[in-house]
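These are the residues of each chain, in order.
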Amino acid sequence: MVMVIRDVSREREIDRMKTNFISSVSHELRTPLTSIKAYTATILRDPDMPKKIRNQFLTIIDEESNRLAKLIEDLLEVSKIESGTAEMSKQNVYIGGVINQVLSALQPLADNKHIRIKYEQQDKFLALAGDKLKIQSVVTNLLNNAIKFTSEFGHVTVSVRRTEYELGISVSDTGVGIPTEALPRIFDRFYRVYRPGEQISGTGLGLAIVKKIVDMHGGRIEVESDEGQGSTFTVYLPLATEPAQTCTTQ
Ligand SMILES: Nc1ncnc2c1ncn2[C@@H]1O[C@H](COP(=O)(O)OP(=O)(O)OP(=O)(O)O)[C@@H](O)[C@H]1O
Ligand SMILES: [Mg+2]
(Lines give C-alpha, C1' and ligand atoms only; values in the text may rest on other atoms or scores of the structure.)
(Ligands and ions follow the chains in the order given, each with its own letter.)
Protein backbone atom coordinates (compact mmCIF):
# COMPACT_ATOMS: atom_id res chain seq x y z
CA MET A 1 0.00 0.00 0.00
CA VAL A 2 1.31 3.46 -0.92
CA MET A 3 0.07 6.50 0.90
CA VAL A 4 0.68 9.93 -0.62
CA ILE A 5 0.45 12.93 1.64
CA ARG A 6 0.52 16.26 -0.10
CA ASP A 7 0.43 19.70 1.45
CA VAL A 8 -2.40 21.55 -0.33
CA SER A 9 -2.33 24.68 1.81
CA ARG A 10 -0.73 26.70 -1.02
CA GLU A 11 -3.47 25.63 -3.51
CA ARG A 12 -6.11 26.41 -0.89
CA GLU A 13 -4.60 29.87 -0.38
CA ILE A 14 -4.59 30.56 -4.16
CA ASP A 15 -8.24 29.43 -4.41
CA ARG A 16 -9.17 31.69 -1.53
CA MET A 17 -7.35 34.64 -3.11
CA LYS A 18 -9.12 34.06 -6.46
CA THR A 19 -12.52 33.96 -4.78
CA ASN A 20 -11.76 37.14 -2.83
CA PHE A 21 -10.53 38.82 -6.01
CA ILE A 22 -13.67 37.97 -7.99
CA SER A 23 -15.95 39.14 -5.21
CA SER A 24 -13.97 42.41 -4.78
CA VAL A 25 -14.05 43.07 -8.55
CA SER A 26 -17.80 42.43 -8.74
CA HIS A 27 -18.40 44.68 -5.77
CA GLU A 28 -16.19 47.48 -7.15
CA LEU A 29 -17.90 47.30 -10.57
CA ARG A 30 -21.38 47.17 -9.12
CA THR A 31 -21.08 50.33 -7.00
CA PRO A 32 -20.62 52.89 -9.84
CA LEU A 33 -22.98 50.93 -12.10
CA THR A 34 -25.78 51.03 -9.52
CA SER A 35 -25.45 54.77 -9.25
CA ILE A 36 -25.36 55.27 -13.05
CA LYS A 37 -28.49 53.13 -13.45
CA ALA A 38 -30.37 54.92 -10.67
CA TYR A 39 -29.64 58.44 -11.95
CA THR A 40 -30.38 57.49 -15.57
CA ALA A 41 -33.72 55.97 -14.55
CA THR A 42 -34.62 59.10 -12.55
CA ILE A 43 -33.88 61.37 -15.52
CA LEU A 44 -35.86 59.16 -17.91
CA ARG A 45 -38.85 59.01 -15.54
CA ASP A 46 -39.14 62.78 -15.26
CA PRO A 47 -39.03 64.57 -18.61
CA ASP A 48 -39.92 67.89 -16.92
CA MET A 49 -37.02 67.79 -14.47
CA PRO A 50 -35.45 71.26 -13.98
CA LYS A 51 -32.35 71.69 -16.12
CA LYS A 52 -30.14 72.42 -13.12
CA ILE A 53 -31.00 69.15 -11.36
CA ARG A 54 -30.73 67.20 -14.60
CA ASN A 55 -27.23 68.63 -15.09
CA GLN A 56 -26.26 67.67 -11.53
CA PHE A 57 -27.39 64.10 -12.17
CA LEU A 58 -25.63 63.99 -15.54
CA THR A 59 -22.42 65.17 -13.86
CA ILE A 60 -22.68 62.31 -11.36
CA ILE A 61 -23.28 59.85 -14.22
CA ASP A 62 -20.24 61.25 -16.01
CA GLU A 63 -18.02 60.97 -12.90
CA GLU A 64 -19.19 57.45 -12.13
CA SER A 65 -18.59 56.38 -15.75
CA ASN A 66 -15.06 57.75 -15.51
CA ARG A 67 -14.56 55.78 -12.30
CA LEU A 68 -15.80 52.65 -14.02
CA ALA A 69 -13.52 53.23 -17.01
CA LYS A 70 -10.47 53.79 -14.75
CA LEU A 71 -11.29 50.68 -12.73
CA ILE A 72 -11.53 48.55 -15.87
CA GLU A 73 -8.29 50.02 -17.22
CA ASP A 74 -6.50 49.30 -13.92
CA LEU A 75 -7.89 45.76 -13.82
CA LEU A 76 -6.69 45.10 -17.35
CA GLU A 77 -3.26 46.45 -16.43
CA VAL A 78 -3.04 44.22 -13.34
CA SER A 79 -4.20 41.16 -15.24
CA LYS A 80 -1.82 41.80 -18.16
CA ILE A 81 1.11 42.12 -15.79
CA GLU A 82 0.11 39.05 -13.78
CA SER A 83 -0.46 36.83 -16.80
CA GLY A 84 2.94 37.81 -18.13
CA THR A 85 1.44 39.25 -21.34
CA ALA A 86 2.29 42.86 -20.51
CA GLU A 87 4.81 44.14 -22.97
CA MET A 88 7.77 45.91 -21.53
CA SER A 89 10.16 47.87 -23.62
CA LYS A 90 13.58 48.63 -22.24
CA GLN A 91 14.81 52.07 -23.13
CA ASN A 92 16.95 54.59 -21.38
CA VAL A 93 14.46 56.98 -19.83
CA TYR A 94 15.30 60.46 -18.53
CA ILE A 95 13.63 60.51 -15.13
CA GLY A 96 13.57 64.33 -14.97
CA GLY A 97 11.47 64.48 -18.15
CA VAL A 98 9.02 61.88 -16.83
CA ILE A 99 8.62 63.68 -13.49
CA ASN A 100 8.07 67.05 -15.19
CA GLN A 101 5.38 65.56 -17.44
CA VAL A 102 3.55 63.97 -14.51
CA LEU A 103 3.87 67.18 -12.47
CA SER A 104 2.21 69.27 -15.17
CA ALA A 105 -0.59 66.73 -15.55
CA LEU A 106 -1.32 66.66 -11.81
CA GLN A 107 -0.69 70.34 -11.00
CA PRO A 108 -4.42 71.25 -11.29
CA LEU A 109 -5.27 68.60 -8.65
CA ALA A 110 -2.68 70.09 -6.29
CA ASP A 111 -3.81 73.66 -7.05
CA ASN A 112 -7.40 72.77 -6.13
CA LYS A 113 -6.17 71.89 -2.64
CA HIS A 114 -3.51 74.63 -2.46
CA ILE A 115 -0.85 71.96 -2.09
CA ARG A 116 2.68 73.04 -2.98
CA ILE A 117 4.75 70.53 -4.87
CA LYS A 118 8.50 70.90 -4.62
CA TYR A 119 10.76 69.24 -7.14
CA GLU A 120 14.38 70.13 -7.44
CA GLN A 121 15.61 68.58 -10.60
CA GLN A 122 19.21 67.50 -10.21
CA ASP A 123 21.17 66.13 -13.12
CA LYS A 124 18.81 66.39 -16.05
CA PHE A 125 20.64 63.58 -17.84
CA LEU A 126 19.95 61.06 -15.07
CA ALA A 127 18.36 58.11 -16.80
CA LEU A 128 17.12 54.71 -15.87
CA ALA A 129 16.62 51.53 -17.84
CA GLY A 130 12.97 50.71 -18.31
CA ASP A 131 9.62 51.18 -19.94
CA LYS A 132 8.80 54.87 -20.10
CA LEU A 133 5.00 54.54 -19.96
CA LYS A 134 5.16 52.15 -17.04
CA ILE A 135 7.58 54.37 -15.12
CA GLN A 136 5.26 57.29 -15.83
CA SER A 137 2.42 55.24 -14.35
CA VAL A 138 4.50 54.59 -11.19
CA VAL A 139 5.25 58.29 -10.69
CA THR A 140 1.64 59.26 -11.47
CA ASN A 141 0.19 56.82 -8.93
CA LEU A 142 2.60 57.88 -6.16
CA LEU A 143 2.10 61.58 -6.79
CA ASN A 144 -1.64 61.21 -7.14
CA ASN A 145 -1.77 59.42 -3.77
CA ALA A 146 0.43 62.07 -2.15
CA ILE A 147 -1.96 64.83 -3.30
CA LYS A 148 -5.09 62.81 -2.50
CA PHE A 149 -4.08 61.91 1.05
CA THR A 150 -2.76 65.36 2.00
CA SER A 151 -5.10 68.03 3.26
CA GLU A 152 -5.34 71.60 1.96
CA PHE A 153 -2.18 73.74 2.17
CA GLY A 154 0.02 70.68 2.66
CA HIS A 155 3.34 69.97 0.97
CA VAL A 156 4.52 67.32 -1.42
CA THR A 157 8.19 66.83 -2.33
CA VAL A 158 9.58 64.82 -5.21
CA SER A 159 13.26 64.00 -5.25
CA VAL A 160 15.66 61.79 -7.17
CA ARG A 161 18.80 60.29 -5.75
CA ARG A 162 21.46 58.31 -7.53
CA THR A 163 23.31 55.40 -6.01
CA GLU A 164 25.94 53.28 -7.73
CA TYR A 165 23.53 51.09 -9.71
CA GLU A 166 20.13 52.57 -8.96
CA LEU A 167 17.98 55.66 -9.06
CA GLY A 168 15.83 56.31 -6.02
CA ILE A 169 12.69 58.33 -6.75
CA SER A 170 10.98 59.60 -3.58
CA VAL A 171 7.57 61.15 -3.16
CA SER A 172 6.96 62.61 0.31
CA ASP A 173 3.87 64.26 1.66
CA THR A 174 2.67 65.95 4.82
CA GLY A 175 -0.62 64.06 4.69
CA VAL A 176 -2.66 61.69 6.83
CA GLY A 177 -0.01 58.97 6.96
CA ILE A 178 -0.56 55.23 7.10
CA PRO A 179 -1.04 53.23 10.32
CA THR A 180 1.88 50.82 10.95
CA GLU A 181 -0.39 47.78 10.93
CA ALA A 182 -1.69 48.72 7.45
CA LEU A 183 1.77 49.11 5.86
CA PRO A 184 2.24 45.42 4.92
CA ARG A 185 -1.12 45.42 3.08
CA ILE A 186 -1.11 48.64 1.06
CA PHE A 187 0.33 46.91 -2.04
CA ASP A 188 -2.47 44.30 -2.07
CA ARG A 189 -5.12 44.63 -4.74
CA PHE A 190 -8.19 46.57 -3.54
CA TYR A 191 -6.72 47.25 -0.12
CA ARG A 192 -7.61 50.70 1.19
CA VAL A 193 -6.89 51.95 4.69
CA TYR A 194 -10.16 52.25 6.56
CA ARG A 195 -10.51 55.78 7.90
CA PRO A 196 -13.96 56.48 9.30
CA GLY A 197 -15.70 59.31 7.45
CA GLU A 198 -13.11 59.40 4.67
CA GLN A 199 -14.59 60.70 1.41
CA ILE A 200 -11.56 60.09 -0.82
CA SER A 201 -12.31 58.04 -3.91
CA GLY A 202 -10.16 55.17 -5.14
CA THR A 203 -10.23 51.44 -5.70
CA GLY A 204 -7.00 50.32 -4.09
CA LEU A 205 -5.36 49.19 -7.33
CA GLY A 206 -2.83 52.01 -7.77
CA LEU A 207 -0.12 50.71 -5.43
CA ALA A 208 -0.68 47.10 -6.57
CA ILE A 209 0.14 48.29 -10.12
CA VAL A 210 3.13 50.31 -8.87
CA LYS A 211 4.54 47.27 -7.04
CA LYS A 212 4.11 44.99 -10.06
CA ILE A 213 5.79 47.46 -12.42
CA VAL A 214 8.68 47.95 -10.01
CA ASP A 215 9.09 44.15 -9.71
CA MET A 216 9.06 43.79 -13.52
CA HIS A 217 11.98 46.22 -13.66
CA GLY A 218 13.91 44.34 -11.00
CA GLY A 219 13.53 47.28 -8.63
CA ARG A 220 12.13 47.69 -5.12
CA ILE A 221 9.85 50.02 -3.23
CA GLU A 222 10.09 51.30 0.34
CA VAL A 223 7.60 53.19 2.41
CA GLU A 224 7.97 55.15 5.62
CA SER A 225 5.00 56.71 7.28
CA ASP A 226 3.91 58.33 10.53
CA GLU A 227 0.21 58.54 11.11
CA GLY A 228 -0.91 62.15 11.01
CA GLN A 229 2.55 63.33 9.88
CA GLY A 230 2.94 62.12 6.33
CA SER A 231 4.40 59.41 4.13
CA THR A 232 7.42 58.83 1.91
CA PHE A 233 7.40 56.28 -0.89
CA THR A 234 10.76 55.54 -2.53
CA VAL A 235 11.09 53.49 -5.67
CA TYR A 236 14.54 52.16 -6.63
CA LEU A 237 15.04 51.30 -10.29
CA PRO A 238 18.13 50.21 -12.22
CA LEU A 239 20.23 52.99 -13.72
CA ALA A 240 20.66 53.19 -17.46
CA THR A 241 24.00 51.88 -18.57
CA GLU A 242 24.05 53.32 -22.11
CA PRO A 243 25.35 56.78 -22.89
CA ALA A 244 22.90 59.62 -22.23
CA GLN A 245 22.66 60.59 -25.93
CA THR A 246 20.67 57.45 -26.69
CA CYS A 247 18.00 58.18 -24.08
CA THR A 248 14.35 58.60 -24.99
CA THR A 249 13.16 62.01 -23.93
CA GLN A 250 9.62 61.91 -25.33
N1 LIG B 1 0.62 58.99 0.36
C2 LIG B 1 -0.29 58.33 1.07
N3 LIG B 1 -0.71 58.82 2.28
C4 LIG B 1 -1.61 58.13 3.03
N5 LIG B 1 -2.18 56.96 2.67
C6 LIG B 1 -1.80 56.43 1.49
C7 LIG B 1 -0.85 57.07 0.63
N8 LIG B 1 -0.66 56.29 -0.46
C9 LIG B 1 -1.48 55.23 -0.29
N10 LIG B 1 -2.16 55.30 0.88
C11 LIG B 1 -3.12 54.32 1.43
O12 LIG B 1 -2.95 53.10 0.75
C13 LIG B 1 -4.18 52.70 0.13
C14 LIG B 1 -3.87 52.00 -1.18
O15 LIG B 1 -3.37 52.93 -2.14
P16 LIG B 1 -3.73 52.73 -3.67
O17 LIG B 1 -3.05 53.80 -4.46
O18 LIG B 1 -3.46 51.32 -4.03
O19 LIG B 1 -5.31 52.91 -3.71
P20 LIG B 1 -6.24 54.20 -3.87
O21 LIG B 1 -5.42 55.43 -4.06
O22 LIG B 1 -7.19 54.17 -2.72
O23 LIG B 1 -7.05 53.86 -5.21
P24 LIG B 1 -6.53 53.95 -6.72
O25 LIG B 1 -5.07 54.27 -6.70
O26 LIG B 1 -6.81 52.58 -7.27
O27 LIG B 1 -7.38 55.02 -7.35
C28 LIG B 1 -4.97 53.99 -0.05
O29 LIG B 1 -6.36 53.75 -0.07
C30 LIG B 1 -4.54 54.80 1.19
O31 LIG B 1 -5.34 54.48 2.27
MG1 LIG C 1 -3.88 55.47 -5.55
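Worth saying up front: this structure is predicted, and the values here are computed from it rather than measured.

**Some remarks on the sheet that holds strand β6 (residues 220-226)**
Across a sheet, strands are paired by hydrogen bonds formed along the backbone, either parallel or antiparallel in direction. In space, the five strands of this open sheet follow the order β2-β4-β5-β7-β6, with mixed pairing throughout. Taken across any chain shown, the strands that pair with only one partner, and hence form the sheet edges, are β2 (116-119) and β6. When the angles between neighbouring strand axes are averaged without regard to direction, this sheet yields 15°. Sheet topology places strand β4 (residues 155-162) next to strand β5 (residues 166-173); seven bridges connect them, and they run antiparallel. In the sheet register, valine 158 faces β5, and the bridge partner there is valine 171.

**Considering the packing of aromatic side chains**
With the rule as written, the count across this model stands at three aromatic pairs. One residue, arginine 220, lies across the ring of tyrosine 236, its end atom 4.0 Å from the ring centre.

**Some remarks on the site of ligand 1**
By nearness alone, 22 residues border ligand 1, and Asn145, Lys148, Asp173, Arg192 and Leu207 come closest of all. For ligand 1, an oxygen atom lies 2.8 Å from a polar atom in the side chain of asparagine 145. For ligand 1, whose unbound accessible area comes to 600 Å², protein coverage reaches 98%. Here ligand 1 occupies the largest pocket. For the shell around ligand 1, the secondary-structure elements that each account for two or more residues are α4 (132-148), α5 (206-216) and β7 (230-238). No other element matches the three residues that α4 contributes to the shell around ligand 1. Considered class by class, the residues forming the shell around ligand 1 number ten nonpolar, seven polar and five charged.

**Quick word on the pairing of β5**
Extensive coverage of β5 is indicated by the burial of six of its eight residues. Taking the residues between adjacent antiparallel strands as the criterion, β4 and β5 are bridged by three residues.

**Here we look at the domain arrangement of the protein**
Considered domain by domain, the protein is made up of domain 1 (9-83) and domain 2 (87-243). Between the C-alpha centres of domain 1 and domain 2 there is a distance of 25 Å. Across the boundary between the two partners, domain 1 contributes eleven residues, which contact nine residues of domain 2. Across the domain 1 to domain 2 interface the summed buried area is about 1,200 Å²; carbon plus sulfur atoms make up 73%.

How each quantity is defined
Residues numbered from 1 in each chain as written. Chains lettered and ligands numbered in written order. Predicted model: local features only at pLDDT ≥ 70, side-chain atom pairs only at ≥ 80, totals over all residues. Heavy atoms only, no water. Pairing = 2+ DSSP bridges. Helix = DSSP H or I, 4+ residues; strand = E, 2+ residues; numbered from the N terminus. Axes fitted to C-alpha atoms, helices over the stretch in contact; angles between N-to-C directions. Phe/Tyr/Trp six-rings, centres within 6.5 Å; stacked < 30°, edge-to-face > 60°. Lys NZ or Arg CZ within 6 Å of the ring centre and 35° of its normal. Near = heavy atom within 4 Å. Polar contact = N/O pair within 3.5 Å; in protein donor to acceptor, adjacent residues only side chain to side chain. Areas by Shrake-Rupley, 256 points an atom, 1.4 Å probe, with all protein chains shown as cover. 1 Å grid on protein atoms, 1.4 Å probe; cavity = no way out; pocket = protein on both sides within 12 Å on 5 of 7 lines; lining within 4 Å. Sits in = over half its atoms within 2 Å of the grid points. Nonpolar A, V, L, I, M, F, W, Y, C, P; charged D, E, K, R; others polar. Buried < 20%, exposed > 50% of the residue type's maximum accessible area, 1.4 Å probe, protein only. Domains from an automatic or database assignment. Contact = heavy atoms within 4.5 Å. Buried area = accessible area lost by both parts, 1.4 Å probe.

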